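A closer look at the structure
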Amino acid sequence: MDITVVELLVPAAPSPFAQAALLLLRVFMGICFVRHGWPKLRNLQTWAQMLKTPAWLCFLSAGSMWAGGIALIVGFLTPLASFAILVSMAYAMVLEIKGGFPFIAADPYLIPEGDYAGPMGVGEPPSWEKAAMYVVMCLVLICCGGGMLSLDTLLLEDLLRIWLGV
């Protein structure tokens, strides 16, 4: 089965319901990653020290979250933006697994009082569940694209076809 560059960058979704679901997923993830990436970019050195990771790597991660989030909101280069975010989230999973965190933490309401207090006080116990969910969500957008209501479909697809002569 041959796949063209256009089909790789602008995959088609099968139905109007799938298109609406892709729009919802794309915009939701975009907003989340703009909100995750911007504070990390603004406090890069602090974040890098906390993670014990080189600042340049943290910059790439936070930058991909922020810029990738903006790209997802409008649906521009959706598979590439999703891949950049996926790499950051996969790295977060690795750090969390290396840190000994469980896949799904015990529900905070089931933990006896005083048994869990993180660096910022009492809150959600750490786990790698959220990072794994974002990886899966990114995989969906990589495979399905941004849908009909995206700049990919409304603008980029035709430009790519003209440029590549397809």
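I will try to describe carefully the structure that is included in this document.

Cut-offs applied
Residues numbered from 1 in each chain as written. Predicted model: local features only at pLDDT ≥ 70, side-chain atom pairs only at ≥ 80, totals over all residues. Heavy atoms only, no water. Helix = DSSP H or I, 4+ residues; strand = E, 2+ residues; numbered from the N terminus. Expected span 1.5 Å × (residues − 1). Buried < 20%, exposed > 50% of the residue type's maximum accessible area, 1.4 Å probe, protein only. Contact = heavy atoms within 4.5 Å. Axes fitted to C-alpha atoms, helices over the stretch in contact; angles between N-to-C directions. Parallel < 35°, antiparallel > 145°, perpendicular 65-115°, else oblique. Left-handed = near helix turned anticlockwise from the far one by under 90°. Nonpolar A, V, L, I, M, F, W, Y, C, P; charged D, E, K, R; others polar. Core = buried A, V, L, I, M, F, W, Y, C linked by side-chain atoms within 4.5 Å.

**A closer look at helix α5 (residues 78-98)**
Taking 1.5 Å per residue as the helical rise, α5 with its 21 residues ought to reach 30 Å, and the 30 Å between its terminal C-alpha atoms agrees with that figure. Buried residues of α5: T78, P79, A81, S82, I85, L86, S88, M89, A92 and M93, and no others. For α5, the secondary structure elements touched by its buried residues are α1 (5-9), α2 (16-42), α4 (55-74), α6 (129-144) and α7 (151-164). Among the residues trailing α5, G100 stands out with phi positive, at a value near 85°.

**Observations concerning the environment of V74**
Tracing the backbone shows V74 in helix α4. Taking the C-alpha atoms as reference, V74 lies 6.0 Å from S150; in sequence the two are 76 residues apart. Here V74 is in contact with R26, S150 and L151, once residues within four sequence places are set aside.

**Overview of the packing of α2 against α4**
Relative placement of two packed helices is described by the angle separating their axes and the distance separating the axes. Two elements in contact, α2 and α4, have axes whose closest approach is 7 Å; the angle formed by their N-to-C orientations is 150°. Classified by the interaxial angle, the pair formed by α2 and α4 is roughly antiparallel. Crossing handedness for the pair α2 and α4: left-handed. When α2 is examined against α4, the residues R26, V27, M29, G30, I31, F33, V34, H36, G37, W38, K40 and L41 are found in contact with a partner set consisting of F59, A62, G63, M65, W66, G69, I70, L72, I73 and V74. Of the residues contributing to the contact of α2 with α4, the split by class is 15 nonpolar, 5 polar and 2 charged.

**Digging into the nonpolar core**
By size, the foremost hydrophobic cluster in this structure holds 27 residues, and its most contacted members are M29, F33 and M89. Listing elements by their share of this core, those giving two or more residues are α2, α3 (44-51), α4, α5 and α6. A total of 7 residues in this core trace back to one element, the largest contributor, which is α6. Leave out the neighbours within four places in its chain, and M29 touches L72, Y134, M137, C138 and L141. Within the second largest apolar cluster, 5 residues are counted, among which are V6, L9, L156 and L160.

**Thoughts on the side chain of T153**
By the secondary structure assignment, T153 is in helix α7. On the basis of relative accessible area, T153 is assigned to the buried category, the value being 14%.

**A look at the packing of α3 against α4**
Here α3 crosses α4 at 115°, and the two axes come no closer than 9 Å. Classified by the interaxial angle, the pair formed by α3 and α4 is roughly perpendicular. The handedness of the crossing between α3 and α4 is right-handed. Each of L44, Q45, W47, A48 and L51 in α3 lies in contact with α4, whose residues at this interface are A55, C58, F59, S61, A62 and M65. For the contact of α3 with α4, the per-class residue count stands at 9 nonpolar, 2 polar and no charged.

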